[in-house]
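Below, each chain spelled out in residue letters.
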Amino acid sequence: MRSHHHHHPSLSLCSRAHQIGALALVVVTFLLTRSLDRFSAFSHSDSTPRASSRSSSDLFHAGALSWPQRGYGDTIALRIYVYDESEIDGLRELMRGRDAHITPQACLKGQWGTQVKIHRLLLKSKYRTMDKDEADFFFVPAYVKCVRMMGGLNDKEINQTYVKVLSQMPYFRRSGGRDHIFIFPSGAGAHLFRSWATYLNRSIILTPEGDRTDKRDTSAFNTWKDIIIPGNVEDGMTKFGGSRIVNPLPLNKRKYLANFFGRAQGKTGRLQLIELAKQYPDKLESPELKFSGPNKLGRADYFDHLRNAKFCLAPRGESSWTLRFYESFFVECVPVVLSDQMELPFQNVIDYTEISIKWPSTRITELLDYLQSIPDERIEEMIARGREVRCLWVYAPETAPCSAMLGILWELQRKVRRFHQSAETFWLHNRSIVNRDLMEFHSWRTPVPLP
């Protein structure tokens, strides 16, 4: 049987036209995409990859610090209650020792002075409130690192006193500690309070230390609730417009490529640097430091040495953070982090690839060759960027256009909760907050039970 299908010429022409058009569209799309890729590659070929598109210069408008709006709001709008040392039994001991003979002024000195500085700044802050019911946060002042170092309390006494203090804070009980702020300003972090994991595991901890897993099973720092704060740089180095201990040297006047000033402490990285300095004394300065006796290195001498190199090396010591990282910005040498676990402050706004170098601590023997290869122009760029952001390491009043305190307040603002709850907090139809015995919050008696 013969088929009756006929070949229609117009249909065939239409199909060919569609096929040719589709093929042309594919070719054009391919060529256009390839051109765009080439243009993109060309436009970025001479730039250093950035961890963030926001550079440090974007942080400042009209000379004042400007935090990004994502999750922070346009302005700081906080209310912080600061506990008074006479308000809570035991708080004075955490600040002055068992015999109350340690003064805040004595605790203000050295790299742990942040415990005093932040407390004092909050006492004068416009964001301080005297009304606990309107507070977003509660600040618990304690100078335990200093008190322990000066023999005011031992570890057991610190632990017992903290527990006693917390049991007298109904607001701590109400939120499970989520809205309470504690400072631990040393490498030990919150481990100074041995039972921190039981009592402070939901609280906000301000600390320069992000890792102690070398000596502990767990780190006390939690990147989602805690805040890394800058170390306490000598006041005599952070003053601008006034007299400073030393001023930076021009790059071409510096004697060394790099330096390391610190004790070996038996740490592999530090021992390697000391050996490198012996092999290459013209490139790396790392003298044996005396911290006591007639040949003790004074602060002016220390900074005078520190400013005499292009790079300041910051290896891990007893803990991952090191004050030398922050000090380097004020003598204007580029900090080189040789501490793999080190956490840095204000990472939401600072791109550290612009202002520092982090080198693997497992490749220290190759470090000097790498540093030698970096052109002075790039070093000058990094120093200039560091000059812009170093105000964030200074514990100045919040009235200053840029300071560590402003940075901390912005980071706290992101953590504000409208509502407070814990496993032992309940609420009723009339919006009253009660405990397990259905006792209304303002009637809770101290000591409140702790977890």
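The protein chain is annotated in an unreviewed UniProt entry as Exostosin family protein from Rhynchospora pubera. Recorded under Subcellular location (unreviewed entry), the UniProt text for the protein chain is reproduced unchanged: "Golgi apparatus membrane". The annotation that UniProt attaches to the protein chain under Sequence similarities (unreviewed entry) is "Belongs to the glycosyltransferase 47 family."

**Focus on the overall build of the protein chain**
Counting its secondary structure elements, the protein chain contains 15 helices and 14 strands. The burial tally for the protein chain puts 49% of its 451 residues in the buried class. Look at the contacts in the protein chain between residues 6 or more apart in sequence, and 70% of them connect residues 24 or more apart. Carbon and sulfur atoms provide 52% of the accessible area of the protein chain, an area that totals close to 23500 Å².

**With respect to the nonpolar core**
In terms of nonpolar packing, the biggest core is built from 58 residues, with I118, L206, F325, W393 and L412 touching the most fellow members. Secondary structure elements with two or more residues in this core: β3 (80–82), α4 (114–123), β4 (137–139), β5 (180–183), β6 (204–207), α11 (299–306), α12 (323–331) and α15 (404–413). With 40 residues, the next largest nonpolar core counts M95, I102, Y171 and A188 among its residues.

**Remarks on the pattern of salt bridges**
Counted by the stated rule, this structure contains 23 salt bridges. We note a salt bridge from D304 to R307, for which the minimum N-O separation is 2.7 Å. Since its relative accessible area comes to 18%, R307 is described here as buried. With its nearest N and O atoms 2.9 Å apart, the salt bridge here joins R436 to E424. Here R436 is found in the segment after β14 (433–434), whereas its partner E424 is found in the loop between α15 and β13 (426–427), with 12 residues between them in sequence. In this structure, a network of salt bridges that share partners links the residues E85, R92 and R96.

**Looking at the sheet that holds β6**
Within the open sheet, the five strands sit side by side as β3-β4-β5-β6-β7. Their pairing is parallel. For this open sheet the edge positions go to β3 and β7 (227–228), each flanked by a neighbour on one side alone. Relative to β5, β4 runs parallel, the two being bridged by two bridges. Bridge pairing links F139 to I181 in β5.

**Topic: the environment of D179**
Summarising the element assignment, D179 is placed in the loop between α7 (170–175) and β5. Put simply, D179 and F137 are 42 residues apart on the chain and 4.8 Å apart in space, counted from C-alpha to C-alpha. Only 2.5 Å separates the side chain of D179 from the side chain of S175, close enough to count as a polar contact. Engagement of the side chain of D179 in a polar contact is seen with the side chain of H420, the distance being 3.3 Å.

**Description of the packing of α11 against α12**
In contact at an axis separation of 10 Å, α11 and α12 are set at 75° when each is read in the N-to-C sense. With respect to α12, the element α11 is oriented roughly perpendicular. Residues R299, Y302, F303 and L306 of α11 lie in contact with α12, whose contacting residues are R324, E327 and V331. Here the contact of α11 with α12 is composed, by residue class, of four nonpolar, no polar and three charged.

**Topic: the confidence of the model for the protein chain**
When pLDDT is averaged across the protein chain, the result is 84; 82% of the residues are at 70 or more. Predicted confidence for residues 1–14 stays below pLDDT 50, and this span has one contact to residues more than four positions away or in other chains. Predicted confidence is poor over residues 31–53, with pLDDT under 50, and the contacts of this stretch with residues over four places away or in other chains come to seven contacts.

**What about the environment of H442?**
Mapped onto the elements of the fold, H442 is located in the segment after β14. Within polar-contact distance, the side chain of H442 engages the side chain of D133 at 3.5 Å.

The rules behind the values
Along every chain, residues carry numbers that run from 1 in the direction the sequence is written. pLDDT decides what is reported in this predicted model: residues at 70 or higher carry local features, side-chain atom pairs at 80 or more are listed and counted, and totals for whole chains, interfaces and linings draw on all residues regardless. Where side-chain values are given, they derive from all heavy atoms of the structure, hydrogens and water being excluded. UniProt positions are given in the numbering used here, feature names are shortened, and annotations may be inferred rather than shown by experiment. A run of H or I in DSSP becomes a helix once it reaches four residues, and a run of E becomes a strand once it reaches two; helices and strands are each numbered from the N terminus. Exposure categories follow from relative accessible area, calculated using a 1.4 Å probe and restricted to protein chains: below 20% of the type maximum is buried, above 50% is exposed, and the middle band is partly exposed. Between two residues, a contact is recorded if the distance between any of their heavy atoms is within 4.5 Å. Methods summary: accessible areas were calculated by the Shrake-Rupley approach with a probe of 1.4 Å, and residue burial reflects only the protein chains presented. Throughout this description, the term nonpolar core refers to a set of buried Ala, Val, Leu, Ile, Met, Phe, Trp, Tyr and Cys residues connected via side-chain atoms within 4.5 Å. Here, a salt bridge means any Lys or Arg side-chain nitrogen found within 4 Å of an Asp or Glu carboxyl oxygen. A pair of strands is labelled paired if DSSP reports no fewer than 2 bridges between them. Counted as a polar contact is a pair of N or O atoms within 3.5 Å, where, for protein atoms, one must be capable of donating a hydrogen and the other of accepting one, and residues adjacent in sequence contribute only when both atoms are in side chains. Convention adopted: a line fitted to C-alpha atoms gives each axis, helices being fitted over their contacting stretch, and angles between N-to-C directions are expressed from 0 to 180 degrees. The cut-offs work like this: below 35 degrees is roughly parallel, past 145 is roughly antiparallel, 65 to 115 is roughly perpendicular, and the gaps in between are oblique. Under the scheme applied, nonpolar residues are Ala, Val, Leu, Ile, Met, Phe, Trp, Tyr, Cys and Pro; charged residues are Asp, Glu, Lys and Arg; polar residues are all the others, including Gly. pLDDT is defined as a per-residue confidence score from the predictor, taking values between 0 and 100.

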